[in-house]
Amino acid sequence: MTKIDEANRNKKNKKKNRLIFRSAILFVLFAALVFALVSNFLKDNSVIDVGDEAKDFQLKQINGDGGSLQLSDLKGKGIMLNFWATYCEPCEDEMPYMQKLYPEYKDKGVEIVAVSVDATELVIEQFVDNYDLTFPVLHDKGQVMDLYSIDPLPTTFFISPEGEVVEKVSGALTLSRLEGYLQQIQPK
């Protein structure tokens, strides 16, 4: 066998190896694409919206007795369910409004529940102390945020005493808008 024949054979082997390698990469990419599409298709993409029943959950309460609160325990009351974080300026802006209206509307059968999606309880505790918040402040590590498909912060659900979502508001609320929504969910 001559050197030219050996070089041609090596060249053919390299081409064959490149073809096998490229085919394997294409196969892996195709498999990843199929997996992503199937996973996305099978994922529960339900978004809770007006007219839907509020999904139940239980989270640790940061203020108060430090126990936990389950949403279904509030059935029969109007519920303002607010998702927020300490790093969210619009969230911070609406907290004083919520605190101002809480005592009055609590007496009328409306409960304000704030679900923080902050990473640590310490920053939430400091925030609660700083604003002297008396309504239940819960800590979520992402499960309830995912359950309610929250994006952006703040997002607020106004839930009737029967457990139906009557309003969903993305973004900060003014005092007058907040009070109007609380009036809508008062038990009759």
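Just above sits the structure.
Let me begin by describing the structure that accompanies this report. Here the structure is a predicted model, which is why all the values come from computation and not from measurement.

### Quick notes on the overall build of the chain
- A tally of regular secondary structure across the chain gives five helices and seven strands.
- The helix and strand sequence of the chain, counted from the amino end, reads α-β-β-β-α-β-α-β-α-β-β-α.
- Here the chain has a C-alpha radius of gyration of 27 Å; the compact-globule value for 188 residues is 16 Å, and the former is much larger.
- For the chain, the residues scored as buried account for 37% of the 188 residues in total.
- Within the chain, residue pairs in contact and separated by at least 24 positions form 69% of the contacts whose partners lie at least 6 positions apart.
- Split by element, the accessible area of the chain, about 11400 Å² in all, is 55% carbon and sulfur.
- Between the centroid of the 21 positive side chains of the chain and the centroid of its 28 negative side chains there is a distance of 22 Å.

### Topic: the state of the cysteines
- Evaluated as defined, the whole model comprises one disulfide.
- Put simply, C88 and C91 are joined by a disulfide, and their sulfur atoms are 2.3 Å apart. For the disulfide bridge between C88 and C91, the dihedral angle about the S-S bond is near 80 degrees, and by the sign convention the bridge is right-handed.
- Its relative accessible area of 8% is what places C88 among the buried residues.
- With a relative accessible area of 0%, C91 lands in the buried category.

### Description of the nonpolar core
- Core analysis: the largest hydrophobic core is formed by 48 residues, its most contacted members being L81, Y148 and L182.
- Secondary-structure elements contributing two or more residues to this core are β3 (78–84), α2 (89–107), β4 (110–116), α3 (121–131), β5 (137–139), β6 (155–159), β7 (165–170) and α5 (175–184).
- It is α2 that provides the largest number of residues to this core, a total of six residues.
- L81 has contacts with F57, V113, V115, Y148, T155, T156, F157 and I159, leaving out every residue within four places of it along the chain.

About the thresholds
- Residues take numbers from 1 onward in each chain, read along the sequence in its written order.
- This being a predicted model, a pLDDT of at least 70 is required before a residue's local features are given, and a value of 80 or more before pairs of side-chain atoms are given or counted; all residues contribute to the totals for chains, interfaces and linings.
- As a convention, hydrogens and water are excluded, and side-chain values are obtained from all of the structure's heavy atoms.
- Only runs of H or I of at least four residues qualify as helices and only runs of E of at least two qualify as strands under DSSP, and these elements are numbered from the N terminus.
- Restricting the calculation to C-alpha atoms gives the radius of gyration, and the globule rule supplies 2.2 Å times the number of residues raised to the power 0.38.
- Each residue is assigned to one of three classes by its accessible area relative to the maximum for its type, calculated with a 1.4 Å probe on protein chains only: buried under 20%, partly exposed between the two thresholds, exposed over 50%.
- Contacts were defined at the residue level, with two residues in contact if any of their heavy atoms lie within 4.5 Å.
- Here, Shrake-Rupley sampling with a 1.4 Å probe gives the accessible areas, and only protein chains in the shown set may cover a residue.
- By the counting rule applied here, Lys and Arg register as positive and Asp and Glu as negative, while His and the ends of each chain are not counted.
- Taken as the charge centre is NZ of Lys, CZ of Arg, CG of Asp or CD of Glu, depending on the residue.
- We call a pair of cysteine sulfur atoms a disulfide when they lie within 2.5 Å.
- Buried Ala, Val, Leu, Ile, Met, Phe, Trp, Tyr and Cys residues form a nonpolar core when they are joined through side-chain atoms within 4.5 Å.

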